[in-house]
Amino acid sequence: MKETISFILYIAIVFLATYLVIHYVGQRTQVSGTSMEYTLSDGDNLIVDKISYRFHAPERFDIIVFPFQYEEDTYYIKRIIGLPGETVQIDEAGNIYIDGEVLEESYGREVMLDQGQAAEPIELGEDEYFVLGDNRNASSDSRDPRVGVVHGKDIIGRAWLRIYPFDSIGFIKHQ
């Protein structure tokens, strides 16, 4: 009887620990689509760090995961470009401006052809982030009004580790 209770207690602890890790520390997610090429590819499996943003705010160029508001159980993976309090605009040549200054970055796969709603200045609120996919011409991101700016409270976490395909296992470079 004592062994049975001990075994049941052990299983309960394992399930509790698994639940806590999945809901508060990390989560597995799969990349679907090419919007983050060449950084992330269709079919990549990632571990999302759900805890670090409890200790510090998201930073420019972090790759984040957030839910798509119009489709249940659909999550987007994008790179943070604009931070709270900043003004973001994209010109016809595809240059990104943060508070009137050209943003020096090399994540975009090619020159943006569509400025979307960022053709006009977008002023980010206290808890708002402007995000873009690295494959800018194949990405539905903050330029699209259906996605818009991402609120900090909606960010699930930061893409942290690629676990599949096996030949690409490793930590994901953000900065």
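Right above here is the structure, for reference.
Worth saying up front: this structure is predicted, and the values here are computed from it rather than measured. (Residues numbered from 1 in each chain as written. Predicted model: local features only at pLDDT ≥ 70, side-chain atom pairs only at ≥ 80, totals over all residues. Heavy atoms only, no water.)

A tally of helices and strands in the protein chain yields one helix and 12 strands. Along the protein chain, helices and strands appear, N-terminal first, in the series α-β-β-β-β-β-β-β-β-β-β-β-β. With respect to the three principal axes, the spread of C-alpha positions in the protein chain is 75 × 35 × 30 Å. Sorting the 175 residues of the protein chain into buried and exposed places 39% on the buried side. (Helix = DSSP H or I, 4+ residues; strand = E, 2+ residues; numbered from the N terminus. Buried < 20%, exposed > 50% of the residue type's maximum accessible area, 1.4 Å probe, protein only.)

Mapped onto the secondary structure, Asp141 falls in the loop between strand E9 (128-132) and strand E10 (150-151). Take Asp141: its relative accessible area is 1%, and that puts it in the buried class. Side-chain polar atoms of Asp141 contact the backbone nitrogen of Gly133, separated by 3.2 Å. Of note is the side chain of Asp141, whose polar atom sits 2.8 Å from the side chain of Arg143. The residues contacting Asp141, other than those within four sequence positions of it, are Lys78, Val131, Leu132, Gly133, Val147 and Gly148. (Polar contact = N/O pair within 3.5 Å; in protein donor to acceptor, adjacent residues only side chain to side chain. Contact = heavy atoms within 4.5 Å.)

Attention now moves to the sheet that holds strand E8 (residues 122-123). Spatial ordering of the open sheet is given by E7-E6-E5-E8, a layout of four strands whose pairing is antiparallel. The sheet is open, and its two borders are formed by strand E7 (101-102) and E8, each paired with just one other strand. Pairing geometry for strand E6 (residues 96-98) and E7, over two bridges, is antiparallel. If you follow Tyr97 over to E7, its bridge partner there is Val102. (Pairing = 2+ DSSP bridges.)

Pairing is possible between side chains of opposite charge, provided their charged atoms come close. One pass over the full model with this rule turns up seven salt bridges. For Asp134, the salt bridge is made with Arg79, and the minimal N-O distance between the two is 2.8 Å. On the criterion of sequence distance, the pair formed by Asp134 in the loop between E9 and E10 and Arg79 in strand E4 (residues 75-82) is long-range, its members being 55 residues apart. The class of Asp134 is buried, set by a relative accessible area of 0%. Linking Glu105 and Arg136 is a salt bridge whose minimum nitrogen-to-oxygen distance equals 3.1 Å. (Salt bridge = Lys/Arg side-chain N within 4 Å of Asp/Glu carboxyl O.)

This part is about the packing of aromatic side chains. Summed over the entire model, instances satisfying the criterion amount to five aromatic pairs. A ring pair is formed by Phe61 and Tyr107, whose centres lie 5.0 Å apart and whose planes are at 45 degrees; its orientation type is tilted. With Phe61 in the loop between strand E2 (45-49) and strand E3 (63-67) and Tyr107 in the loop between E7 and E8, this residue pair connects regions lying 46 residues apart in the sequence. An angle of 65 degrees between the planes, with centres 6.0 Å apart, marks the rings of Phe66 and Tyr76 as edge-to-face. Here Tyr76 lies in strand E4 and Phe66 lies in strand E3, a separation of 10 residues in the sequence. The buried category is assigned to Phe66, whose relative accessible area is 4%. Under the relative-accessibility criterion, Tyr76 is labelled buried at 17%. Of the aromatic side chains, those joined through ring pairs into one cluster are Phe66, Phe68 and Tyr76. The cationic tip of Lys78 hangs over the ring face of Tyr76; the distance from NZ or CZ to the ring centre is 5.2 Å. (Phe/Tyr/Trp six-rings, centres within 6.5 Å; stacked < 30°, edge-to-face > 60°. Lys NZ or Arg CZ within 6 Å of the ring centre and 35° of its normal.)

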